[in-house]
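So the chains spell out like this:
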Amino acid sequence: MNNESTTTPFSMIYDSFLSKITDDMYMELSELDTYRMLEELLMTAIHKFEFPRFDITDYEISYIEDQGIYEGVESEGMEVPALIYGGGCFNTALTPEEINILSTYMIVEWLGQQLASVENTRMKYSGSDFKFTSQANHMAKILSIKADYEREGFHLQRLYKRRIKDEDGIMRSTFGTVMEAIDYEN
């Protein structure tokens, strides 16, 4: 019996991303809004993965339309349409390395959103426990962190391209195949 997965749910990449950041905003959002934001970050991160060993455009996203009576609706007893996030998945089994690359680029996109938001870049703390710095200094620090994650993503991709697992499960260098001729006709 073959238990090998042929898909990778987006939730695996979301979990990797969420384990690397701290943002209370995600606790304040509805589940659907959280998934929409995570999906948006993933969709933009996909384009930063330069040469994956899988078809990065082969994925599915599903929403389930539902009609029902829901608690807390003003017109009790009235059926209300609802849109439920059914999830998304890549139609291939991604490696932990590929999941890590995608979640790292999700962080790059998330930091870009922090920079693009006046609310998130406004300094909110003062007092003896916090050293108050200018917004420009705060934004420069976020830019520096973003650049660090971009470098990390680039480094992870470089490692990914330069090694491959052999049939025994051992990582081997791809250096010997770098200079092989590519047959573009097939």
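Quick notes on the rules
Positions within a chain are numbered from 1, following the residues in the order the chain's sequence is written. Where local features are concerned, this predicted model is filtered to residues with pLDDT of at least 70; where side-chain atom pairs are given and counted, the filter is 80 or more; whole-chain, interface and lining totals use all residues. Heavy atoms throughout the structure, all of them, feed into the side-chain values; hydrogens and water do not. Helix numbering and strand numbering both begin at the N terminus, where a helix is a DSSP run of H or I of at least 4 residues and a strand a DSSP run of E of at least 2. Note on exposure labels: buried denotes an accessible area under 20% of the residue type's maximum, exposed denotes more than 50%, and partly exposed covers the range between, all computed with a 1.4 Å probe on protein chains only. Contacts were defined at the residue level, with two residues in contact if any of their heavy atoms lie within 4.5 Å. Residue burial considers only the protein chains on display, and all accessible areas are found by Shrake-Rupley using a 1.4 Å probe. Inter-axis angles, ranging from 0 to 180 degrees, are taken between N-to-C directions of lines fitted to C-alpha atoms, where helices are fitted over the stretch in contact. Here roughly perpendicular refers to angles of 65 to 115 degrees, roughly parallel to angles under 35, roughly antiparallel to angles over 145, and oblique to all remaining angles. With the far helix as reference, a near helix turned anticlockwise by less than a right angle produces a left-handed crossing, and one turned clockwise produces a right-handed crossing. Think of it as three bins: nonpolar holds Ala, Val, Leu, Ile, Met, Phe, Trp, Tyr, Cys and Pro, charged holds Asp, Glu, Lys and Arg, and polar takes everything else, Gly as well.

> Account for the overall build of the chain, naming residues and giving values.
Across its full length, the chain carries seven helices and five strands. Tracing the chain from N to C terminus, the helices and strands come up as β-α-α-α-β-β-α-α-α-β-β-α. Expressed as a percentage of the 186 residues in the chain, the buried residues total 30%. Of all intrachain contacts in the chain linking residues separated by at least 6 positions in sequence, the fraction that spans at least 24 positions is 67%. When the accessible surface of the chain is totalled, it reaches about 13000 Å², and 53% of it is carbon and sulfur.

> Before we move on, can you summarise the packing of helix α1 (residues 10-18) against helix α4 (residues 96-116) with the specific residues and values?
Axis angle and axis distance: for two packed helices, these are the angle between their axes and the distance between the axes, and together they describe the pair. Packing of α1 against α4 leaves a shortest axis separation of 9 Å and a crossing angle of 60°. Compared by their axis directions, α1 and α4 come out oblique. Between α1 and α4 lies a crossing of right-handed hand. Contact residues: α1 offers Met-12, Ile-13, Tyr-14, Ser-16 and Phe-17, while α4 offers Ile-99, Leu-102, Ser-103, Met-106, Ile-107 and Trp-110. Taken together, the residues of the contact of α1 with α4 sort by class into nine nonpolar, two polar and no charged.

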